[in-house]
Amino acid sequence: MTDFPTISKLYSEINEKYFNNKFISVNSKYVSELFNKVREKNINTKISIVIDKEPPLELLESEDLIDKIQYYRVLNNIPKTKMANLIGVDAETYSNYEKKRIPFVNPVYVNILLEELNIKEKIEIPEFIKFIEEYPLPKIINILKDEMITKSDFIKKSGISRYALDSWIKKNGNQKIQACMYEKLYLYWKKYKGYGKE
């Protein structure tokens, strides 16, 4: 009497042999092999194969926030396109965030994605991103004006060019600036205004 294997047994064999319960790249050859076995045994039933993806723990253990976000995104099987739509950017831009080609430091984006992934209680937002959220550029410009800090002193201590500073003052800080500029402001606030020591 012929032993007719069950679908689950066939899948287990293929999964164990080829996938090893890791991150997988589905190869059409292996999928074809599975269905050929089913056809040979004259098994007439619907087949539903669910493969759980387990992202590398290195992402979760990373100090980079975008790595942690990527870990939970993959764990929850959320496509990059959905993440991109949530924060209003195109898929390529979001992909560049995960590839670290563009710094992911926008506090609004961060909060939206942490909320979507339901990990606000699990993830510590980096101090640099907290600074950006607490000190938008208009607030920084007003503080510099109120405290009557001279341009020369600020430029010398912060490393920010006079051209950039004049541009910010002229527009009252109502413009976007690069992450590298915000990093200089952050380091200045830490060193000369005690940010993060409260």
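Only a predicted model underlies this, so the values are computations on that prediction, with no experimental measurement involved.

Undergrad: Explain the overall build of the protein chain residue by residue, including any values.
TA: Broken down by element type, the protein chain carries 12 helices and zero strands. Order of helices (α) and strands (β) in the protein chain, N terminus to C terminus: α-α-α-α-α-α-α-α-α-α-α-α. Looking at the protein chain as a whole, 34% of its 198 residues qualify as buried. In the protein chain, the share of contacts with a sequence separation of at least 24, taken over all contacts with a separation of at least 6, comes to 56%. In the form shown here, the protein chain has an accessible surface area of approximately 13,200 Å², with 49% of it arising from carbon and sulfur atoms.

Undergrad: Mind laying out the packing of helix α10 (residues 151–158) against helix α12 (residues 179–193), listing which residues take part and the relevant values?
TA: At a minimum axis separation of 9 Å, α10 and α12 run at an interaxial angle of 100 degrees. The orientation of α10 with respect to α12, classified from their angle, is roughly perpendicular. Taken together, the residues of α12 that come into contact with α10 (itself represented by Phe154, Lys157 and Ser158) are Lys184, Leu185, Tyr188 and Tyr192. Classifying every residue of the contact of α10 with α12 by side-chain character gives four nonpolar, one polar and two charged.

Undergrad: Would you mind going over the nonpolar core in detail, with residue names and values included?
TA: Within the largest apolar cluster, 45 residues are counted, with the highest numbers of intra-cluster contacts made by Ile69, Tyr94, Phe104, Phe131, Leu185 and Trp189. In this view, Trp189 contacts Phe131, Tyr135, Ile140, Ile143, Leu144, Gly194 and Tyr195; residues no more than four positions away in its chain are not counted.

Undergrad: Could you give an account of the confidence of the model for the protein chain, naming the residues involved and the relevant values?
TA: For the protein chain, the average pLDDT comes to 85, and 76% of its residues sit at 70 or higher. Counting contacts from residues 18–25, a segment whose pLDDT is below 50, to residues more than four positions away or on other chains yields 13 contacts.

Undergrad: With reference to specific residues and values, describe the environment of Tyr97.
TA: Assignment of secondary structure puts Tyr97 in helix α6 (residues 91–98). Residue Tyr97 is classed as buried on the basis of its relative accessible area, which comes to 8%. Separated by 31 residues in sequence, Tyr97 and Ile66 place their C-alpha atoms 7.2 Å apart. Those residues in contact with Tyr97 that sit more than four places away from it in its chain are Ile66, Ile87, Val89, Ile102, Pro103, Phe104 and Tyr109.

Undergrad: With reference to specific residues and values, describe helix α4 (residues 65–75).
TA: In terms of burial, α4 is a largely internal element, 10 of the 11 residues being buried. Of the residues making up α4, those classed as buried are Leu65, Ile66, Asp67, Lys68, Ile69, Gln70, Tyr71, Tyr72, Arg73 and Val74. Considering only its buried residues, α4 is in contact with α3 (57–61), α5 (80–87), α6, α7 (107–117) and α8 (127–134). Where α4 begins, the side chain of Asp64 points an oxygen toward the backbone nitrogen of Ile66, at a separation of 3.2 Å. In the segment just after α4, Asn77 is the residue with positive phi, at about 55 degrees.

Undergrad: Which residues make up unusual backbone geometry, and what are the values?
TA: Non-glycine residue Asn77 carries a positive phi angle of around 55 degrees. By the secondary structure assignment, Asn77 is in the loop between α4 and α5. Phi at Asn172 is positive, roughly 55 degrees, even though this residue is not glycine. Looking at the element boundaries, Asn172 is found in the loop between α11 (162–170) and α12.

Undergrad: Please give an account of the pattern of salt bridges that cites residues and values.
TA: Evaluation of the coordinates by the stated rule reveals 10 salt bridges. The salt bridge partner of Lys100 is Asp64, with a shortest N-O separation of 3.8 Å. Of this pair, Lys100 sits in the loop between α6 and α7 while Asp64 sits in the loop between α3 and α4, placing them 36 residues apart in sequence. By relative accessible area, Lys100 is classed as partly exposed at 45%.

Rules of the game
- Position numbers for residues count from 1 along each chain, tracking the sequence in the order it is written.
- The model is predicted, so local features are restricted to residues of pLDDT at least 70 and side-chain atom pairs to those at 80 or more, both for listing and for counting; the totals for chains, interfaces and linings are taken over all residues.
- Values shown for side chains rest on all heavy atoms present in the structure; no hydrogens or waters enter the calculation.
- Helix and strand assignments follow DSSP, with helices taken as H or I runs no shorter than four residues and strands as E runs no shorter than two, numbered in order from the N terminus.
- Think of it in three bands: with a 1.4 Å probe and only protein chains considered, a residue is buried below 20% of the maximum accessible area for its type, exposed above 50%, and partly exposed in between.
- What makes two residues a contact is simply this: any of their non-hydrogen atoms within 4.5 Å.
- Per-residue and other accessible areas follow the Shrake-Rupley method at a 1.4 Å probe size, with only the shown protein chains counted as cover for residues.
- The axes are straight lines fitted to the C-alpha atoms, using for helices just the contacting stretch, and the angles between their N-to-C directions are given from 0 to 180°.
- Working definition: roughly parallel below 35 degrees, roughly antiparallel above 145 degrees, roughly perpendicular at 65 to 115 degrees, and oblique for all remaining angles.
- Only Asp, Glu, Lys and Arg are considered charged in this grouping, and only Ala, Val, Leu, Ile, Met, Phe, Trp, Tyr, Cys and Pro are considered nonpolar; every other residue, Gly among them, is considered polar.
- Think of a nonpolar core as a cluster: buried Ala, Val, Leu, Ile, Met, Phe, Trp, Tyr and Cys residues, connected wherever their side-chain atoms sit within 4.5 Å.
- Confidence of the predictor at the level of single residues is captured by pLDDT, which takes values from 0 to 100.
- Counted as a polar contact is a pair of N or O atoms within 3.5 Å, where, for protein atoms, one must be capable of donating a hydrogen and the other of accepting one, and residues adjacent in sequence contribute only when both atoms are in side chains.
- Salt bridge, as used here: a side-chain nitrogen of Lys or Arg that lies within 4 Å of a carboxyl oxygen of Asp or Glu.

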